[in-house]
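For reference, the chains in residue letters:
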4 protein chains.
Amino acid sequence: MEAARTPKGALKRYERGSEEFSRTLTLSDGVFAIAMTLLVVGIALPTISDSSSASDLLDALNDLSESIISFFISFAVIARYWTAHQEQFSMLARMDRGFVGLNLVYLAFIAFLPFPTDMLGNYFQNPISIVTYAINVSIVSGMEVVLFRRAQRAGLLARELPEDVYRWGVLVSTAPVAFFILSTPIAFLSTEAAVGFWLLALPFQLLVLNRHKPPQADEYLG
Amino acid sequence: MEAARTPKGALKRYERGSEEFSRTLTLSDGVFAIAMTLLVVGIALPTISDSSSASDLLDALNDLSESIISFFISFAVIARYWTAHQEQFSMLARMDRGFVGLNLVYLAFIAFLPFPTDMLGNYFQNPISIVTYAINVSIVSGMEVVLFRRAQRAGLLARELPEDVYRWGVLVSTAPVAFFILSTPIAFLSTEAAVGFWLLALPFQLLVLNRHKPPQADEYLG
Amino acid sequence: MEAARTPKGALKRYERGSEEFSRTLTLSDGVFAIAMTLLVVGIALPTISDSSSASDLLDALNDLSESIISFFISFAVIARYWTAHQEQFSMLARMDRGFVGLNLVYLAFIAFLPFPTDMLGNYFQNPISIVTYAINVSIVSGMEVVLFRRAQRAGLLARELPEDVYRWGVLVSTAPVAFFILSTPIAFLSTEAAVGFWLLALPFQLLVLNRHKPPQADEYLG
Amino acid sequence: MEAARTPKGALKRYERGSEEFSRTLTLSDGVFAIAMTLLVVGIALPTISDSSSASDLLDALNDLSESIISFFISFAVIARYWTAHQEQFSMLARMDRGFVGLNLVYLAFIAFLPFPTDMLGNYFQNPISIVTYAINVSIVSGMEVVLFRRAQRAGLLARELPEDVYRWGVLVSTAPVAFFILSTPIAFLSTEAAVGFWLLALPFQLLVLNRHKPPQADEYLG
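On a predicted model such as this, the values are computed, not experimentally measured, just so you know. (Residues numbered from 1 in each chain as written. Chains lettered and ligands numbered in written order. Predicted model: local features only at pLDDT ≥ 70, side-chain atom pairs only at ≥ 80, totals over all residues. Heavy atoms only, no water.)

### Things to note about the overall build of chain A
Secondary structure summary: chain A contains ten helices and two strands in total. Counted from the first residue to the last, chain A has its helices and strands arranged as β-α-α-α-β-α-α-α-α-α-α-α. Counting only residues that meet the buried cut, chain A has 57% of its 222 residues in that class. Across chain A, every contact between residues at least 6 apart in sequence was considered, and the portion connecting residues at least 24 apart equals 76%. When the accessible surface of chain A is split by element, carbon and sulfur atoms take 62% of a total near 9500 Å². (Helix = DSSP H or I, 4+ residues; strand = E, 2+ residues; numbered from the N terminus. Buried < 20%, exposed > 50% of the residue type's maximum accessible area, 1.4 Å probe, protein only. Contact = heavy atoms within 4.5 Å. Areas by Shrake-Rupley, 256 points an atom, 1.4 Å probe, with all protein chains shown as cover.)

### Considering the interface of chain D and chain A
Each side of the interface is counted separately: chain D has 34 residues, and chain A has 47 residues. Carbon and sulfur atoms supply 70% of the area buried between chain D and chain A, which totals about 3400 Å² over both sides. It is E19, R23 and Y123 of chain D that lose the most area in chain D upon contact with chain A, and together they represent 22% of the buried surface on that side. Where chain D touches chain A, the interface holds three salt bridges. Between E87 of chain A and R97 of chain D there is a salt bridge, with the nearest N and O atoms lying 3.1 Å from each other. Scanning the region where chain D abuts chain A turns up twelve residue pairs in polar contact (both at pLDDT 80 or more). Per-element tally for the side of chain D that touches chain A: the top contributor is helix α1 (residues 19-41) of chain D, with ten residues. Residues of the side of chain D that touches chain A, tallied by class, amount to 18 nonpolar, eight polar and eight charged. (Buried area = accessible area lost by both parts, 1.4 Å probe. Salt bridge = Lys/Arg side-chain N within 4 Å of Asp/Glu carboxyl O. Polar contact = N/O pair within 3.5 Å; in protein donor to acceptor, adjacent residues only side chain to side chain. Nonpolar A, V, L, I, M, F, W, Y, C, P; charged D, E, K, R; others polar.)

### What to know about empty space enclosed by the protein
For the structure on display, the rule yields three cavities of 30 Å³ or more. Approximately 250 Å³ is the volume attributed to the largest cavity. Broken down by element, the lining of the largest cavity gets its largest block of residues, six residues, from α1 of chain D. Considered as a void within the structure, the second largest cavity measures approximately 40 Å³ in volume. In this structure, the second largest cavity is lined by Q88, F89, M91, L92, F99, L147, F148, A151 and L157 of chain C. For the lining of the second largest cavity, the elements supplying multiple residues, two or more each, are α3 (65-89) and α6 (127-153) of chain C. A per-element tally of the lining of the second largest cavity places α6 of chain C first, with three residues. When its residues are assigned to classes, the lining of the second largest cavity shows eight nonpolar, one polar and no charged. (1 Å grid on protein atoms, 1.4 Å probe; cavity = no way out; pocket = protein on both sides within 12 Å on 5 of 7 lines; lining within 4 Å. Points joined across faces, edges and corners; volume = space filled by probe spheres on them.)

### Side note on the interface of chain A and chain B
Listed per partner, the contact involves 34 residues of chain A and 47 residues of chain B. Summing both partners gives a buried area of about 3400 Å² for chain A against chain B, and 70% of it is carried by carbon and sulfur. The largest share of the area that chain A buries against chain B comes from E19, R23 and Y123 of chain A, three residues that together contribute 22% of it. Linking chain A to chain B there are three salt bridges. The interface formed by chain A and chain B contains twelve residue pairs in polar contact (both at pLDDT 80 or more). Looking at the side of chain A that touches chain B, the elements that each hand over two or more residues are α1 (19-41), α4 (97-112), α5 (114-122) and α6 (127-153) of chain A. Per-element tally for the side of chain A that touches chain B: the top contributor is α1 of chain A, with ten residues. A breakdown of the residues in the side of chain A that touches chain B according to their chemical character gives 18 nonpolar, eight polar and eight charged.

### Things to note about a nonpolar patch on the surface
All names here are of chain A. On the surface, L202, F204, L206, L207 and V208 cluster together to form a nonpolar patch covering roughly 490 Å² of accessible area. For L206, the position within the fold is in helix α9 (residues 201-207). Under the relative-accessibility criterion, L206 is labelled exposed at 53%. (Patch = residues over 30% accessible without salt bridge, like charges linked within 9 Å, V, L, I, M, F, W, Y side chains within 5 Å.)

### Side note on the relation of the copies chain A and chain B
Taken as rigid bodies, chain A and chain B are interconverted by a rotation of 90 degrees and an axial shift of 0.0 Å, the fit giving an RMSD of 0.0 Å. A rotation of that kind, with that shift, is consistent with a four-fold axis. For chain A, the residue whose C-alpha comes nearest the rotation axis is G30 of chain A, separated from it by 4.4 Å. Take the interface residues of chain A: only 6% of them recur as interface residues in chain B, which is what a contact between different surfaces looks like. (Least-squares fit on C-alpha atoms with pLDDT ≥ 70 in both.)

### A look at the relation of the copies chain D and chain A
Each copy superposes on the other: chain D lies on chain A with an RMSD of 0.0 Å after a rotation of 90 degrees and an axial shift of 0.0 Å. Both copies present different contact surfaces, since only 6% of the interface residues of chain D are interface residues in chain A too.

### Description of the packing of aromatic side chains
To describe a pair of aromatic rings, one takes the distance between the centres and the angle between the planes. In the structure shown here, the tally under the stated rule is 52 aromatic pairs over all chains. Ring plane angle 25 degrees and centroid distance 5.6 Å describe the contact between F148 of chain B and Y166 of chain B, whose orientation is recorded as stacked. Within this pair, whereas F148 of chain B is found in helix α6 (residues 127-153), its partner Y166 of chain B is found in helix α7 (residues 163-187), the two being separated by 18 residues in sequence. Linked through ring pairs, F71, F72 and F75 of chain A together with F109, F112 and F115 of chain D together constitute an aromatic cluster. (Phe/Tyr/Trp six-rings, centres within 6.5 Å; stacked < 30°, edge-to-face > 60°.)

### Some points on the side chain of D29 of chain C
Of note, D29 of chain C is situated in helix α1 (residues 19-41). Since its relative accessible area comes to 2%, D29 of chain C is described here as buried. Residues within four places of D29 of chain C in sequence aside, it is in contact with R23, T26 and L27 of chain B together with W82 of chain C.

### Considering helix α7 (residues 163-187) of chain D
For α7 of chain D, which comprises 25 residues, the first-to-last C-alpha distance of 37 Å matches the rise-based estimate of 36 Å (1.5 Å per residue) to within 8%. The largest bend in α7 of chain D is about 25 degrees, located at T174 of chain D, with the proline P176 of chain D one to four residues further on. (Expected span 1.5 Å × (residues − 1). Bend = angle between axes of the 7 residues up to and from the residue.)

### Focus on the pattern of salt bridges
All names here are of chain B. Per the stated rule, a full pass over the model turns up 36 salt bridges over all chains. One salt bridge connects E219 with R159, and the closest N-O pair in it is separated by 3.5 Å. Of this pair, E219 sits in helix α10 (residues 217-221) while R159 sits in the loop between α6 and α7, and the two are 60 residues apart along the sequence. Judged by its relative accessible area of 40%, E219 falls in the partly exposed class.

### Observations regarding the packing of α6 of chain C against helix α2 (residues 54-63) of chain D
Taken N-terminus to C-terminus, the directions of α6 of chain C and α2 of chain D make an angle of 50 degrees; their axes are 8 Å apart at the nearest point. In terms of axis orientation, α6 of chain C runs oblique to α2 of chain D. When α6 of chain C is examined against α2 of chain D, the residues P127, I128, S129 and T132 of chain C are found in contact with a partner set consisting of A54, L57, L58 and L61 of chain D. Here the residues of the contact of α6 of chain C with α2 of chain D are counted per class, giving six nonpolar, two polar and no charged. (Axes fitted to C-alpha atoms, helices over the stretch in contact; angles between N-to-C directions. Parallel < 35°, antiparallel > 145°, perpendicular 65-115°, else oblique.)

### Description of the environment of F180 of chain D
All names here are of chain D. Tracing the chain through its elements places F180 in helix α7. F180 sits in the buried class, given a relative accessible area of 14%. Along the primary structure F180 and K12 are separated by 168 residues, whereas in three dimensions their C-alpha atoms are 35 Å apart. The contact partners of F180, leaving out residues within four places of it in the chain, are A134, V137, S138 and W198.

### Describing α2 of chain D
Those residues of α2 of chain D that fall on the buried side of the exposure criterion are L57, A60 and L61 of chain D. Down the axis, α2 of chain D shows its buried residues gathered within 100 degrees of arc, on one side only. What points out from α2 of chain D, more than 90 degrees from its buried face, is the exposed set D59, N62 and D63 of chain D. The inward-facing, buried residues of α2 of chain D contact α5 (114-122) and α6 of chain C together with α3 (65-89) of chain D. (Arc of directions from axis to C-beta.)

### Remarks on the environment of V100 of chain D
You can see V100 of chain D is positioned in helix α4 (residues 97-112). Using a relative accessible area of 2% as the deciding quantity, one classes V100 of chain D as buried. Between the C-alpha atoms of V100 of chain D and L25 of chain D, which are 75 residues apart in sequence, the distance is 10.0 Å. Those residues in contact with V100 of chain D that sit more than four places away from it in its chain are W82, T83 and Q86 of chain A together with Y14, T24 and M95 of chain D.

This is the structure:
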């Protein structure tokens, strides 16, 4: 009875196991699958004059190498976000309409991601590529934090997090956003240095953040 | 026994929880996911002569701004229709073949929507863009009303709506259709005025329609 | 125990309710969704010199009318096949690997269908368009018959069909294939006549085939 | 209780029947569906001057024959991998994060496959086409072996395989990889001979590998 109704004025909730919970995941997986494979469309079949010449086709493939690398980087980055999405959503017992709406904002920037990734692959020496990519990735990572907050605050999690675990989780999710934003001025000095700065996020997490990890964090965040 | 058979001559029904009910949602979510992401394909990688020039790439991005804005508007509009679809279908206990067929008509105009949205983004000053968009959106919103009627009339809802709640629901869903259609002559005078007229639908709902809202509406329509 | 094992040498079976049964439907729905929306990609944004001229944009839209009509015809035809697929598969209690493989052959021709549909929309006066379309549609409809036979012969149906109902079902499914194939020579005399001949399939079913309909057919085929 | 928690430090596991298990399949099916249908996008509508000329349209279709054949070969190859994926995953009782990650690597090369297939269809006489295709297909088949190993070693299978059945399974899955890799030097002598060499994998399995098939293999591998 309780599950079938929602208190007057409250946002409707979709319980884990309902069709509505499932289809939010189906739509998300559809957007992820399209975004992952999208850049393969841009790898045009090479045209060569002597169709049986190995060296001509090898040269033509070489010209396509940036597009091919872009495809695999884009796939890897979006696949990484997908696994984070799967892990985060595995903690949910239900969704409410607000959470579903925030997930759609998140998906818009996942769907857009192949574009800046392709720019990055083709104009790696250009600071604008770095900045565009960093902004897009900051928004995606930032939306992960927003979804995490909403899940905790609106009682959507299967097991509510203790306050210290929750705060540490927000901190860990926010750190990459900070690194991406701080890298943007660096990009105008050196694009390599900016990308190097992104990679500092990993040792920062291992050496600094993990020191303050609450003892129960592994149990709750898996 | 009852659920496994359908009375002779009646349309076959697919109960919530069956594979057939689920796959109608899966197909719908697939069409929504493709429609949402489609306009990203049209944002071509900019080509610039000096590949490391920040100002050249910024200019090239600027030229793409209309396509980028079109993508996000299109995503937002279709995402909004998707949440309405999820909410409406969450009220269903079953579907019949007629309802499934009407949903396919609805999906055809969802799949088509990126085209007029892209026209609107690129030719905002052109009344034909406004009219094309308004017609497409009227049909989508109109089909929502048709689906709602069918669900109530064919006994597909988990809880049948009281007649006053149903009538109010039809009225609320029909109102945006009216605003879109009435805006089309205005577009030939001023495209900004036509879009402004669309936005009047919201205060109209809050100030006029909500006054006549039946007391049980929230409980039934969520 | 029975459900978890399959007799040695027999093809593996996937029962309704298993993940494997569901994902055959998910893959099918994915292919259908992509095929349905594919032709929208081909409707390029019109380019006009005076961006605010209503008559220019109307002319440009007029030039696109064949592509737009092709999109809606393609959507409608594939949507029709999808509903037939949903109805046919709703009769299954399980699938075996042979059935899954036949379904993939069927899906290949569904995925290809937008191409001949687009040819038909753009070269309606050309007999080769009619022939290409008729061949593709014959194969799709023919595969429906093959799937229907497999389901009955391999014991995949929830309720095995009485022999007379099964035979009548095969006859009804084969009839459109015959009409499509017989239309191909007519196309070289008149493409309109060939399409008119397709439409004869409907009265043929109502006036000739339905006369021999076994009394239990409605109960079994829904 | 056990199912809801995972031992500290271990990778999170997703049990069959959970939303997380299902959505790994949904994402996979989405990527497969897109990869299968992708090459249809490349079959451009032919443009002919005399739109009602049967011989002109036939000529134009003839020019497209390589693209059309590529589409059907690509569909068939990816469909074959999909059925193998469905069979392999039907043996799983659960997935862990490592397995989910490996599946994503596998999917990246499924998503990329239409590109080398299209090269093969259009430059069949070119050894680079053969080599590119053979490398891609080796990686996909190799990842199947890696997934199979992970499933057995991490205890993800519904019924753990006896050691001899497992080893024979690895051998059978690795054999095609060997044939593809060994074919690459042959391609520089004759592309036909290289493709002929691929086809030897089948009699090799039937005549050599099946001789060493453990008696319980059919029962476990289906």
